[in-house]
Amino acid sequence: MLERILAGDERALARAATLIENRASGASDLLRQLFPHTGHALITGITGPPGAGKSTLVDQLARCYRAEKVPLGIIAVDPSSPFSGGALLGDRIRMQQHHDDSGVFIRSMATRGNAGGLARGTLDMALLMDAAGKRAILVETVGVGQDEVEVARLADVTVVVLVPGMGDDVQAIKAGIMEVADVFVINKADLPGAARLEQELRAMISISPRAADTPIVQTVAGEGKGIAECLSAMREVHARKKSDPAATWLPRLRGMLRERLLEQLPEAELEKAAREVANRTTDPYTVVDLMLAQIKRG
Ligand SMILES: Nc1nc2c(ncn2[C@@H]2O[C@H](COP(=O)(O)OP(=O)(O)OP(=O)(O)O)[C@@H](O)[C@H]2O)c(=O)[nH]1
Ligand SMILES: [Mg+2]
């Protein structure tokens, strides 16, 4: 299976993706062997409020990449949120045009009410695609919560999609998501208020030392407008970051290690330990020592 994945075999890739999705036993072993073959793909996170046009943008970016024959992976993180109801179905229909194209591999990641492992699962999936020869990976998430920020953090480049008419809501956009933005896209620029939103954004980022030179691109994803500009902004940011790989890989790997460690301790164990401490039958310090010893024993 390893050989076939590395050779870019679509069926082996699909089987491995299912292993990872299901966290099947064997997934870790496979990922262990794939890891040395990763680090070549540009992972881009596309995030933003529900209905901002993220899937439409992903679809358009996919066309650009495929016009250049870049092997492409797409991961749609399904937030199972009340907002996106049938959206995933719509995405599937939209993405069908890519299905006949063996250069595109599409997967969705369900949170299944277990948001904790979402970033990890998504990163594992991206690493699989990377090892299989995909050179660009687009990850779509709805930017509404902490988990989505975590997912955004795993990307090399994070694109935050906003829409006009949000007005004062710019202030209300989750601060976390604003902090991880490498590129702002004002989509639905055909609607009134795009210029005003851009002004507000510029005012907002001008006071942030980290974000001051963040590119802002206007797009009409529905009509394929501004997509080339978006792609070149993504590539510029990536080129800038590439000179310092530690800047993207270190936070990503830190998060990954933390999640893997936490996974060693089932929630039920933590709950039980907390109760024991609450009952004063033990203390937090002893509990942590015991847990560490338990992990060591495997
Ligand atoms: N007017 C206008 N509508 C657009 C544009 N881009 C996308 N839309 C429409 O906006 C709606 C939502 O688009 P999606 O791409 O599904 O948005 P999304 O952000 O992926 O949505 P969720 O995944 O549900 O959060 C669809 O009806 C699109 O046709 C645009 O540039 N202008
Ligand atoms: Mg979508």
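Details of the structure are given in the entry above.
Residues numbered from 1 in each chain as written. Chains lettered and ligands numbered in written order. Predicted model: local features only at pLDDT ≥ 70, side-chain atom pairs only at ≥ 80, totals over all residues. Heavy atoms only, no water.

Draft legend 1. View of the site of ligand 1. With respect to spatial proximity, 18 residues lie near ligand 1, and among them Gly-53, Lys-54, Ser-55, Thr-56 and Asp-190 are the closest. A distance of 2.5 Å separates an oxygen atom of ligand 1 from a polar atom in the side chain of Thr-56. Here a nitrogen atom of ligand 1 and a side-chain polar atom of Asn-187 are 3.2 Å apart. Bound to the protein, ligand 1 loses 73% of the 660 Å² it would expose on its own. Elements represented by at least two residues in the shell around ligand 1 include exactly helix H4 (54-67), helix H5 (87-99) and strand E4 (136-142). (Near = heavy atom within 4 Å. Polar contact = N/O pair within 3.5 Å; in protein donor to acceptor, adjacent residues only side chain to side chain. Areas by Shrake-Rupley, 256 points an atom, 1.4 Å probe, with all protein chains shown as cover. Helix = DSSP H or I, 4+ residues; strand = E, 2+ residues; numbered from the N terminus.)

Draft legend 2. Highlighting the coordination of the magnesium ion (ligand 2). For the magnesium ion (ligand 2), the full set of protein donor atoms is Ser-55 (OG) and Glu-140 (OE), and the range of their distances to it is 2.1 to 2.2 Å. Placement of Ser-55 in helix H4 and of Glu-140 in strand E4 is noted, with a sequence separation of 85 residues between them. For Ser-55, a relative accessible area of 8% translates into the label buried. The exposure class of Glu-140 is buried, given its relative accessible area of 12%. (Donors = N, O, S within 2.8 Å, 3.2 Å for Na, K, Ca; no water. Buried < 20%, exposed > 50% of the residue type's maximum accessible area, 1.4 Å probe, protein only.)

Draft legend 3. A look at unusual backbone geometry. Although it is not a glycine, Lys-69 sits at a positive phi angle of roughly 65°. Its location among the elements puts Lys-69 in the loop between H4 and strand E2 (72-78). We classify Lys-69 as exposed; its relative accessible area is 67%. Not every positive phi belongs to a glycine, and Lys-188 is a case in point at roughly 60°. Topologically, Lys-188 is positioned in the loop between strand E6 (183-186) and helix H10 (194-206).

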